[in-house]
Amino acid sequence: MNALTQELVELLSLEKLEENIYRGISRNLVGKRVFGGQVLGQALRAASYTTDRPAHSLHAYFLYGGDINAPIIYEVERLRDGKSFVSRQVKAIQHGRTIFTAMISFAAHEEGLNYQINEPDYPTVDQLKAEAELKKMMVEFVPENVRASFMRDRHVEIRPVNPSNPYQPQPEAPSYAHYIRTHDQIAAEVDDISLHQAIAAFYSDFTLMTTALRPHGLSYLSPSLQCASIDHAMYFHKPFRVDDWMLYDMDATVSANSRGLNFGRMWQNGELVCSTTQEGLIRLREIETQ
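Residues numbered from 1 in each chain as written. Predicted model: local features only at pLDDT ≥ 70, side-chain atom pairs only at ≥ 80, totals over all residues. Heavy atoms only, no water.

The protein appears in an unreviewed UniProt entry as Acyl-CoA thioesterase 2 from Acinetobacter chinensis. Its UniProt record gives the protein the following Catalytic activity (unreviewed entry) comment, quoted word for word: "a fatty acyl-CoA + H2O = a fatty acid + CoA + H(+)". (UniProt positions renumbered as here; feature names shortened; annotations may be inferred.)

Have a look at this one:
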């Protein structure tokens, strides 16, 4: 596998310490705090280790920012093992306190009623520039002291549908979309549905919260803004592969009380395979002047 894909697989492959207790490594992916997608993916993977069914829903709360310099311990509580549904609660613990908690439900595939909304009509992935190419086009706007971190390659490949420059944000419609996949195929020896779902959870946190910033002419880099994920929900509707292109379509419905509410839908081969919801903190703060 590509080195970045291998690192992502390793990031979402946990070490078993005791029954129902797992340890995950941390990586500096977005700055001083642990990337929310890392915790989502690791928590989902920890719960998946305790059942042989795929997840169908995840409901999570981010309680504290994670330390990128320390591992995270995941404690899984087996709440229910039913004929139709399996329920798990996961706590992510770092430095002696719970920084994240999630309820995750699992269910086997079942035939039944089948309906979905229409996939949005966007340009195809071949018609779009890669995020890495777009970054090169805006490098002149990036301060020298953060240029290296801004330009480094992500662990996934992204092709934005409606890109914008985060260093020069302008008021825009509260919507955003990009195509996303791993850089390489998932190796056969680790290819299982729990890994694909964990990587999709990792994917799901990219740009979702900041969709609510677009109508305000702000970005996650705006110095007047404090941003943080508060909660995150994810629903898995149909099978998918994270090493094939998925269209991630996002929109925001409201910003109020220093929070923004965002929704996302993941499409693959015309099928709606995942849905997401996230509320994020988007608090304006005063800028200190010299």
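Colleague: Got a sec to walk through the UniProt feature "domain: Acyl-CoA thioesterase 2 C-terminal" (unreviewed entry) in the protein? Specific residues and values, please.
Modeller: Per the UniProt record, "domain: Acyl-CoA thioesterase 2 C-terminal" (unreviewed entry) is annotated on residues 147–281. End C-alpha to end C-alpha, residues 147–281 measures 26 Å, and it is 13% helix and 42% strand. (Helix = DSSP H or I, 4+ residues; strand = E, 2+ residues; numbered from the N terminus.)

Colleague: Explain the pattern of salt bridges to me, using residue names and the numbers behind them.
Modeller: Note that side chains of opposite charge can pair when their charged atoms are close. Counting across every chain of the model gives 16 salt bridges. Between arginine 159 and glutamate 157 there is a salt bridge, with its nearest N and O atoms 3.5 Å apart. Under the relative-accessibility criterion, arginine 159 is labelled buried at 18%. Exposure remark for glutamate 157: the relative accessible area of 15% places this residue in the buried category. With a shortest N-O distance of 3.0 Å, glutamate 279 and arginine 259 are connected by a salt bridge. Taken together, the residues span a long stretch of sequence, with glutamate 279 in strand β12 (residues 271–284) and arginine 259 in strand β11 (residues 259–268) at a distance of 20 residues. For glutamate 279, a relative accessible area of 22% puts it in the partly exposed group. With relative accessibility at 33%, the residue arginine 259 sits in the partly exposed group. (Salt bridge = Lys/Arg side-chain N within 4 Å of Asp/Glu carboxyl O. Buried < 20%, exposed > 50% of the residue type's maximum accessible area, 1.4 Å probe, protein only.)

Colleague: Explain the sheet that holds strand β4 (residues 72–81) residue by residue, including any values.
Modeller: With respect to topology, twelve strands assemble into an open sheet ordered β1-β2-β4-β5-β6-β3-β9-β12-β11-β10-β8-β7, the strand pairing being antiparallel. Sheet topology places β1 (15–18) and β7 (156–160) at the edges, where each strand pairs with a single neighbour. For this sheet, the mean angle separating the axes of adjacent strands, direction not counted, is 25°. (Pairing = 2+ DSSP bridges. Axes fitted to C-alpha atoms, helices over the stretch in contact; angles between N-to-C directions.)

Colleague: Tell me what's going on with the nonpolar core, and back it up with residues and numbers.
Modeller: Judged by nonpolar contacts, the single largest core of 55 residues is most densely connected at Tyr74, Phe100, Ile104, Phe202 and Tyr203. Here this core gets seven residues from one element, more than from any other, and that element is helix α5 (residues 193–204). Residues in contact with phenylalanine 100, not counting those within four places in the same chain, are Val39, Leu40, Ala43, Ala60, Tyr61, Phe62, Leu63, Val90, Lys91 and Ala92. Counting residues in hydrophobic clusters, the runner-up holds eight residues, among them Val161, Tyr179, Trp267 and Leu272. (Core = buried A, V, L, I, M, F, W, Y, C linked by side-chain atoms within 4.5 Å. Contact = heavy atoms within 4.5 Å.)

Colleague: Residues and numbers for the pairing of strand β10 (residues 246–256), please.
Modeller: By the bridge criterion, six bridges tie strand β8 (residues 175–182) to β10 in an arrangement that is antiparallel. Considered in β10, the bridge of histidine 178 is made with tyrosine 248. Pairing of β10 with β11 involves nine bridges; the strand directions are antiparallel. Paired with aspartate 251 across the two strands is phenylalanine 263, which belongs to β11.

Colleague: Give me the packing of aromatic side chains: which residues, what numbers.
Modeller: One pass over the full model with this rule turns up seven aromatic pairs. For the pair tyrosine 22 and tyrosine 49, a centre-to-centre distance of 5.2 Å together with 45° between the ring planes defines the contact as tilted. Of the two residues, tyrosine 22 sits in strand β2 (residues 21–24) while tyrosine 49 sits in the loop between α2 (36–48) and β3 (55–62), which places them 27 residues apart along the sequence. Under the relative-accessibility criterion, tyrosine 49 is labelled partly exposed at 31%. Look at phenylalanine 150 and tyrosine 167: their rings are 5.4 Å apart centre to centre, the planes differ by 75°, and that puts the pair in the edge-to-face class. In this pair, phenylalanine 150 sits in helix α4 (residues 147–151) while tyrosine 167 sits in the loop between β7 and β8, placing the two residues 17 residues apart along the sequence. The exposure class of tyrosine 167 is partly exposed, given its relative accessible area of 24%. Among the aromatic residues, those joined into a cluster by ring pairs are Phe35, Phe202 and Phe206. Lying across the ring of tyrosine 64, arginine 97 places its NZ or CZ 3.6 Å from the centre. A cation over a ring is seen here: lysine 135 above phenylalanine 150, with NZ or CZ 5.2 Å from the ring centre. (Phe/Tyr/Trp six-rings, centres within 6.5 Å; stacked < 30°, edge-to-face > 60°. Lys NZ or Arg CZ within 6 Å of the ring centre and 35° of its normal.)

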